[in-house]
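As a plain string of letters, each chain reads:
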Amino acid sequence: TLMEHFNNGEYVYFRTDHHWTTLGAYYAYRKMGEDMGFTPMELSEFQKDEVPDFLGYLYSQAEATSLQSHKDTIEYYKNAVNDIPFKCVTYSYIPGEEFVYSGKTFDLSLGATYNMFMGGDQPYIEIDSASPNARTLLMIKDSYSNALLPWLACAYNKIIVIDARTFDQSVTNILNTIPIDDFLITNYIIGTNFRDYIQ
């Protein structure tokens, strides 16, 4: 799906970052609709905005100053369904500490960073949207899902999001206490190199 749009010259991956763009995530969302049985919304139903001058993870790792002349633009699409606050229970990197954070789907206070989606990687998020699709999704995710979740909030009126890299609670307990309609795992292929995560 992504290759088709890439070959058409569409901006589906950033130049200076390893993540897909919001448009790339949108095409994944449309494909998921075919496979998971929901009707995706059209781009014309959203207000498009953008944040310029994004230099991403690949730029920071390569320290290639030549990329500064090829900055990315973060495009994002919002409407009344997906531009919503969400509840985030963050289990911090310090064992035994946790705090509750009321997040934003698009946190513009973070500036031109990929973390503007969902406030970055959070161990546990609960999203309650105004989607007419009265279904609950449980997602096991990595950072690629951050740009995907605003789209999925249009398809599910409740989403439980778990980042297994930092979530140290029991996924089984969640499955036993919250009625789940759909279960989705989204990971990029390099995740298979992270032994502690795979374990």
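Here, every reference points to the structure presented above.
Residues numbered from 1 in each chain as written. Predicted model: local features only at pLDDT ≥ 70, side-chain atom pairs only at ≥ 80, totals over all residues. Heavy atoms only, no water.

Caption draft 1: Representation of the overall build of the chain. Each helix and strand counted, the chain has 6 helices and 8 strands in total. Each helix and strand of the chain, placed in order from N terminus to C terminus, yields the pattern α-α-β-α-β-β-β-β-β-α-β-α-β-α. Here the C-alpha atoms of the chain give a radius of gyration of 17 Å, agreeing with the 16 Å that 2.2 N^0.38 yields for 199 residues. In terms of principal-axis extent, the alpha carbons of the chain reach across some 50 × 40 × 30 Å. (Helix = DSSP H or I, 4+ residues; strand = E, 2+ residues; numbered from the N terminus. Rg over C-alpha atoms; globule rule 2.2 N^0.38 Å.)

Caption draft 2: Seen up close, the packing of aromatic side chains. Applying the stated criterion across every chain, the model contains 16 aromatic pairs. On the basis of an interplanar angle of 20° and a centroid distance of 5.8 Å, the ring pair of Tyr-29 and Trp-151 is categorised as stacked. Within this pair, whereas Tyr-29 is found in helix 2 (residues 22-36), its partner Trp-151 is found in helix 4 (residues 145-152), the two being separated by 122 residues in sequence. Comparing Tyr-29 with Trp-151 shows no difference in burial state: the two are buried. Taken together through their ring pairs, the aromatic side chains of Tyr-26, Tyr-27, Tyr-29, Phe-38, Phe-46, Tyr-77, Trp-151 and Tyr-156 make up a single cluster. (Phe/Tyr/Trp six-rings, centres within 6.5 Å; stacked < 30°, edge-to-face > 60°. Buried < 20%, exposed > 50% of the residue type's maximum accessible area, 1.4 Å probe, protein only.)

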